[in-house]
Amino acid sequence: MESRKEDARRMVSVTINGEMRQGLAEPRTLLAYFIRETLGLTGTHVGCDTTSCGACTVLFDGEPVKSCTVLAVQADQHQIDTVEGLETDNVLHPLQQAFWDNHGLQCGFCTPGMLMTSVALLQKNPHPTESEIRHGISGNLCRCTGYVNIVKAITDASHKMQKEPAEV
Amino acid sequence: MAIEATETRPLGKAIKRKEDPRLVRGQGRYLDDIVLPGMLYMALARSPYAHARIKEIRLDQAYQVPGVKAILTGADLEKMNLSWMPTLAGDRQMVLATGKVLFQYQEVAAVVAESRAAAEDAVQLIEIDYEPLAPVVDPYAALKADAPLLREDRDQKDNHIFHWEVGDRKATDDALASSPVVVKEFIRMPRVHPAPVEPCGCIADYQKATGKLTWYVTSQAPHAHRTVLALVSGLPEHMIHVISPDIGGGFGNKVPVYPGYVCSVVMSLQLGRPVKWVETRTENIATTNFARDYHMTAEIGATQEGIVTALKVATIADHGAFDAAADPSKFPAGLFSIVTGSYDFPVAFAEVDGVYTNKAPGGVAYRCSFRVTEASYLIERVMNTLALKLNLDPAEIRRRNFIRSEQFPYQSPLGWTYDSGNYDATLNEALKLVDYEQLRKQQAERRAGGELVGIGISTFTEIVGAGPSNTFDILGIKMFDSCEIRIHPTGKAIARLGTRHQGQGHETTFAQVIADELGMTAADVLIEEGDTDTAPYGLGTYASRSTPTAGGAAALAARRIRQKAIQIAAHLLEVSPDDVEWNGEKFAAKGLESRAVGMSEVALAAYTNLPEGMEPGLEATYYYDPPNLTFPNGAYVAMVAIDRGTGEVKVERFVAVDDCGTVINPMVVDGQVHGGLTEGFGIAFMQEIAYDEDGNNLAPNFMEYLVPTAVEAPHWETGRTVTPSPHHPIGAKGVGESPNVGSPAAFVNAVVDALSPYGVTNVEIPLFPWKVWNVLKELGLTQ
């Protein structure tokens, strides 16, 4: 039987982590699933489907969004950044390194979303206070760490990222 | 800052986690990340009613959805004798409903389709006619003689599940009757859900050609799940391969076997293709196991000086539609008999009655060892009431009643032998860290200024690490755990254990234990868990049992390696084995310290240069059956302030001093404590799975079921005392759950302390601002 939904699929092109990728998506396909299942980048996780947990956070034209609440077709011709794009030349992003150094993760499921939110936070506010960090990541749920070491990791990364330009 | 895994003598050091490099790159491999060729997707149709008879199920429209491969109902399963499955508590649970549904969101039909979306589309088109029946939501109402009968499948025609009691009822009654002081309190621990960020799910992959079923599943207990699956499905156990991949948090939620798991296995067996099922968040919170729902009454007898004389506890346990707790078979109320806590009660008696209601089935131990949180919360709350009654400081009432360090091993009146503890020292450390005297002064000053400020103390004792296997089994399977170590020729090792971590850091901490025993570094020891074809049999990771059981097995397997290694070392050193000593890092010839060989030389020799007649290779397996449980303890102090305008409670200070025996990795221990405290905070202030009178779940998502964000989560201050377990191979006790067990009482005791000048002795959790505000309003304290 011919499917109506099959007919409704359209090509979606995105620049993801700097690479041009495209794939077919139904109009209702959520960006999170397009990234995970169509493009095969499974670092972006789905924890709630209701914009609550933030495990699916990616950058959409540089802004953090919960990709379970964006349609894949809305991302057509836009730029997406996911956790897979944070590392450069086998060197961890300072935030990835800081999460590792400070025990900022346990089960690791919320970590990719937490990292992407943190990347955006530090871009907007390179010297956040503890309170600013806590508010900045309040859309991302973590059930393991109690956030203590996540806050520490983001603070640590913010210091290191400030030092780097001077060293270069 | 943490140190690298290449450090020698790693035990007790803050080694950076070996699992993190893949997880921070988004390269963990969680269940839903796995895609198999030809994989199908399953979705479940669920009941909108809490209690209803199923009149008719029509599938024709659903079958019209393109891509639908099969639809399964309870009637289909009945023909296979699979419409019910055993629970881990010895009850049974419907897989897909037949006859009637017993809770809202209960599983009624399963659709398998070529895509996730097609399966969900078809679920929407399944037509089910229900005849609604009167729901029973309140456990006390369920026990009334005229209550509607929920479980028609049982011979017993009421809603009572079990009665369990422990202790000496008469001696306790007599002691209470003759005690000059008696306090009594009703304490409710409401229904909550562990809600890990990753929901539950599985992929069943049955290959007809080989007859082998590979079952990827979010399982905290993969070996036990394999055995249960073999028993339920009739598949030969060696043809079931369970793989529990990276798990996105468990907290007890991923211990039981769920209907969705069984349906996906049945569908894969029928279709010969892999079938994936992953819960939505609502399915997770509304159907897979909840925790608590304990309704407890406690009486404590005491002398005028506050020395306790007796404890009597009666509890109603609401299990929902099926007793789907994951309890050891001899313990229908888990380890609730730890309820005498840290105190030397001469006599005690506790009884628990399990009840069916039209609510989701359970309840699991949510970040605790089988009902230990309920017990700990109860005793720590009621000791507080006793202190209020006698006008004693809550620290003082505890000091007067602590089991003293010279009493260990301590025989509790409810049958446990506590291994070790130094409760005074732990409490003193907490009081010192928080500067208790100063805190009380501040409180007095602020109270004088009209503020509502309270200080709460909790000095809990846990019971964790089940076995020993002569007492503990789940569905008959003894609760030991295991470790197998293989040393490779170049001196590197792989170790596999019967546990399955979900964030606890086993890949690092167990490597530390083994490396420390063998003079290696944690970097040189690869830890693998979760694959039943390769790992030795074990009962899994929950109830803080990994370190007490598998951790013991790891140390003892390493020592077995050392027994053989010493023979090889003697051969290399050209001395008698009696003349070889292990110096903590190397095997040395006695009296000739410079002549020594390490594990890398010994390992190479094990494959290349063996003593005459010795079996080649260097490996060992240890199945460790602990002689006793371990009893971690802690002393927590909370300071709170209540907003008179909004009822919001602000946690201003929280000091947690834990004693978990020997510490393997202080960074990991602190991380566990931070996380557990935050969940304890959620339970005290935010989290509740409430139902309305029709049995509708009122919090089936993260918008209604509130878990703490970084904004609400308080700042935690941690400390430690170390009282090793005398029977554990390295003296460790387990810690992952202590903070969740011990903290709720500290928060609530602090809130009660703030309000105690106005006659308040008890407040019911969760302490939502509106609830606290109502209390303030009644007392005329609102602003």
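This text goes with the structure placed above it.
Residues numbered from 1 in each chain as written. Chains lettered and ligands numbered in written order. Predicted model: local features only at pLDDT ≥ 70, side-chain atom pairs only at ≥ 80, totals over all residues. Heavy atoms only, no water.

Novice: I keep staring at the packing of aromatic side chains and nothing clicks. Help me out?
Specialist: For any pair of aromatic rings, the description rests on two quantities: the centre-to-centre distance and the angle between the ring planes. Residue and element names in this part refer to chain B. Following the criterion strictly, the structure yields 29 aromatic pairs over all chains and no others. A ring pair is formed by F681 and F685, whose centres lie 5.0 Å apart and whose planes are at 45°; its orientation type is tilted. Pair noted here: F681 and F685 are both in helix α17 (residues 666-685), with a separation of four residues, about one helical turn. Each member of the pair F681 and F685 is classed as buried. These aromatic residues form a ring-pair network of at least three members: F460, Y636, F654, F681, F685, W716 and F747. Of note, R545 hangs over the ring of Y542, and the distance from its end group to the ring centre comes to 5.6 Å. (Phe/Tyr/Trp six-rings, centres within 6.5 Å; stacked < 30°, edge-to-face > 60°. Helix = DSSP H or I, 4+ residues; strand = E, 2+ residues; numbered from the N terminus. Buried < 20%, exposed > 50% of the residue type's maximum accessible area, 1.4 Å probe, protein only. Lys NZ or Arg CZ within 6 Å of the ring centre and 35° of its normal.)

Novice: Any chance you could explain the interface of chain A and chain B here in plain terms?
Specialist: Interfaces are often described in size by the accessible area the parts lose on coming together. The interface is formed by 53 residues belonging to chain A together with 54 residues belonging to chain B. Of the roughly 4300 Å² buried at the junction of chain A and chain B (both faces included), carbon and sulfur atoms supply 57%. At the boundary of chain A with chain B, the tally comes to seven salt bridges. Among the ionic pairs, D121(B) bridges to R28(A), the shortest N-O distance being 2.7 Å. On the surface where chain A and chain B come into contact, there are 23 residue pairs in polar contact (both at pLDDT 80 or more). Among the secondary structure elements, those contributing two or more residues to the side of chain A that touches chain B are α2 (31-38), α3 (94-101), α4 (111-124), α5 (130-136) and α6 (148-167) of chain A. Looking at which element gives the most residues to the side of chain A that touches chain B, the answer is α3(A), with five residues. Its residues assigned to classes, the side of chain A that touches chain B comprises 20 nonpolar, 20 polar and 13 charged. (Contact = heavy atoms within 4.5 Å. Buried area = accessible area lost by both parts, 1.4 Å probe. Salt bridge = Lys/Arg side-chain N within 4 Å of Asp/Glu carboxyl O. Polar contact = N/O pair within 3.5 Å; in protein donor to acceptor, adjacent residues only side chain to side chain. Nonpolar A, V, L, I, M, F, W, Y, C, P; charged D, E, K, R; others polar.)

Novice: So what exactly am I meant to see when it comes to the state of the cysteines here?
Specialist: A covalent bond between the sulfur atoms of two cysteines is what we call a disulfide. Residues and elements named next belong to chain A. In the structure shown here, the tally under the stated rule is zero disulfides over all chains. Of the cysteine sulfurs around C56, a residue in no disulfide, the closest is that of C68, at 3.8 Å. By relative accessible area, which is 3% here, C56 ends up buried. Of all cysteine sulfurs, the one in C107 lies closest to C144, which takes part in no disulfide; the gap is 3.8 Å. (Disulfide = S-S within 2.5 Å.)

Novice: Mind showing me how you'd approach the environment of K152(A) here?
Specialist: All names here are of chain A. The topology assignment puts K152 in helix α6. The partly exposed category is assigned to K152, whose relative accessible area is 47%. C-alpha of K152 to C-alpha of G104: the two residues are 48 residues apart in sequence and 7.6 Å apart in space.

Novice: Help me understand the pattern of salt bridges in this model?
Specialist: It is possible for side chains of opposite charge to pair when their charged atoms get near one another. All names here are of chain B. Tallied over the entire structure, the rule returns 72 salt bridges over all chains. When the shortest N-O distance is used, the salt bridge between E283 and R46 registers 2.7 Å. With E283 in helix α9 (residues 281-287) and R46 in strand β1 (residues 40-46), this residue pair connects regions lying 237 residues apart in the sequence. The buried category is assigned to R46, whose relative accessible area is 15%.

Novice: Is there a simple way to explain helix α13 (residues 436-448) of chain B in this structure?
Specialist: Residues and elements named next belong to chain B. Its 13 residues give α13 an end-to-end C-alpha distance of 18 Å, which sits within 8% of 18 Å, the value for a rise of 1.5 Å per residue. For α13, the set of buried residues is Y436, L439, R440 and Q443. One side of α13 carries all its buried residues, which in axial view fall inside an arc of 100°. Turned more than 90 degrees from where α13 packs its buried face, E437, E445 and A448 sit exposed. The secondary structure elements touched by the buried residues of α13 are α11 (394-401), α12 (423-434), β21 (452-461), β31 (633-642), β32 (649-659) and α18 (738-755). Phi turns positive one or two residues past the end of α13, at G450, with a value near 95°. (Expected span 1.5 Å × (residues − 1). Arc of directions from axis to C-beta.)

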